[in-house]
Amino acid sequence: MAATVSATGFKGCLSLSSSSLMAGEDYTALAGAVPTRVRVARPVRLRPMMKNVNEGKGVFAPVVVVTRSVVGKKTFNQLRGKAIALHSQVINEFCKSIGAESKQRQGLIRLAKKNGEKLGFLA
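Residues numbered from 1 in each chain as written. Predicted model: local features only at pLDDT ≥ 70, side-chain atom pairs only at ≥ 80, totals over all residues. Heavy atoms only, no water.

### Points about the overall build of the protein
Stated formally: Each helix is a run of H or I in the DSSP string that is no shorter than four residues. Each strand is a run of E no shorter than two, and both are numbered from the N terminus. Only protein chains enter the accessibility calculation, which uses a 1.4 Å probe; a residue is then buried when its area is under 20% of its type maximum, exposed when over 50%, and partly exposed in between. In this description, contact between two residues means that some pair of their heavy atoms is separated by no more than 4.5 Å.
Along the protein, the regular secondary structure elements total four helices and two strands. Along the chain direction, N to C, the helices and strands of the protein fall in the order β-β-α-α-α-α. Each of the 123 residues in the protein was classed as buried or not, and the buried ones make up 11%. Restricting to contacts in the protein with at least 6 residues of sequence separation, those with at least 24 account for 53%.

Take a look at the structure:
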């Protein structure tokens, strides 16, 4: 007994030799039970999302989650945005005072974001 698979799916081609011990009725029943085409659903693709890999982890994550649930998501995001902007201003002023270049300043801001993720501020 042999079956072939093509790009359209399972074809159900059965080949029996004359030396087969199957009776005619058994072959007909078996051939009727095998579908000629099998439908395969397309895989579901999830949209890529920019997400914190450390979400829910970190020392401050529980505080962040409780605060978000108490004050509401919209208010929490506004508060978080103001805090991030204030922290970026502090970094910018520090870079100006030591005479750091803009690439160094961008690197410090990226480092601050990574540290915030690890500590759970972006949970």
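### Thoughts on the packing of aromatic side chains
Short version of the rule: Stacked, tilted and edge-to-face are the three classes assigned to paired rings of Phe, Tyr and Trp, where Trp is represented by its six-membered ring and a pair needs centres within 6.5 Å; plane angles under 30 degrees give stacked, over 60 edge-to-face, the rest tilted.
If you walk through the whole model with that rule in mind, you get one aromatic pair. Arranged with centres 4.5 Å apart and planes meeting at 15°, the rings of Phe 60 and Phe 121 form a pair that is stacked. Of this pair, Phe 60 sits in the loop between helix H1 (24–33) and helix H2 (61–71) while Phe 121 sits in the segment after helix H4 (102–119), placing them 61 residues apart in sequence. You can call Phe 121 partly exposed: its relative accessible area is 41%.

### Description of the environment of Arg 105
Checked against the element boundaries, Arg 105 lands in helix H4. On the basis of relative accessibility, which here comes to 29%, the residue Arg 105 falls in the partly exposed class. Placed eleven residues apart in sequence, Arg 105 and Phe 94 show a C-alpha to C-alpha distance of 9.0 Å. Sequence-distant contacts of Arg 105, defined by excluding residues within four places in its chain, comprise Ile 91, Asn 92 and Cys 95.

### Here we look at the packing of helix H3 (residues 73–98) against H4
To keep things clear, this is the line we draw: Axes here mean lines fitted to C-alpha atoms, for a helix over just the part in contact, with angles spanning 0 to 180 degrees between N-to-C directions. Note on convention: the crossing is left-handed when the near helix lies turned anticlockwise from the far helix by less than a right angle, right-handed when the turn is clockwise. Basically, the charged four are Asp, Glu, Lys and Arg, the nonpolar ten are Ala, Val, Leu, Ile, Met, Phe, Trp, Tyr, Cys and Pro, and anything else, Gly included, counts as polar.
In contact at an axis separation of 10 Å, H3 and H4 are set at 145° when each is read in the N-to-C sense. By crossing handedness, the relation of H3 to H4 is classed as right-handed. Here H3 contributes His 87, Ile 91, Asn 92 and Cys 95 to the contact with H4, which in turn contributes Arg 105, Leu 108, Ile 109 and Ala 112. Per-class residue counts for the contact of H3 with H4 are five nonpolar, two polar and one charged.

### Details of the packing of H2 against H3
The condition is simple: To sort the angles, those under 35 degrees are grouped as roughly parallel, those over 145 as roughly antiparallel, those from 65 to 115 as roughly perpendicular, and the leftovers as oblique.
Between H2 and H3, the least distance of the axes is 6 Å, while the angle of their chain directions is 125°. Judged on the interaxial angle alone, H3 and H2 are oblique. Two secondary-structure elements touch here, H2 through Val 64, Thr 67, Arg 68 and Val 71 and H3 through Lys 73, Thr 75, Phe 76 and Arg 80. Broken down by class, the residue content of the contact of H2 with H3 amounts to three nonpolar, two polar and three charged.

### Points about the environment of Thr 67
Looking at the element boundaries, Thr 67 is found in helix H2. Relative accessible area serves as the criterion here: at 29%, Thr 67 is assigned to the partly exposed category. Beyond its immediate sequence surroundings of up to four residues, Thr 67 is in contact with Gly 72 and Phe 76.

### Let's talk about the confidence of the model for the protein
It should be kept in mind that the predicted coordinates are not to be read in detail where pLDDT is low. The condition is simple: Values of pLDDT, ranging from 0 to 100, describe the predictor's confidence in every residue of the model.
Considering every residue of the protein, the mean pLDDT works out to 76; 69% of them sit at 70 or more. The element-level mean pLDDT for the protein is lowest in strand E2 (residues 9–10), coming to 49, with H3 highest at 91.

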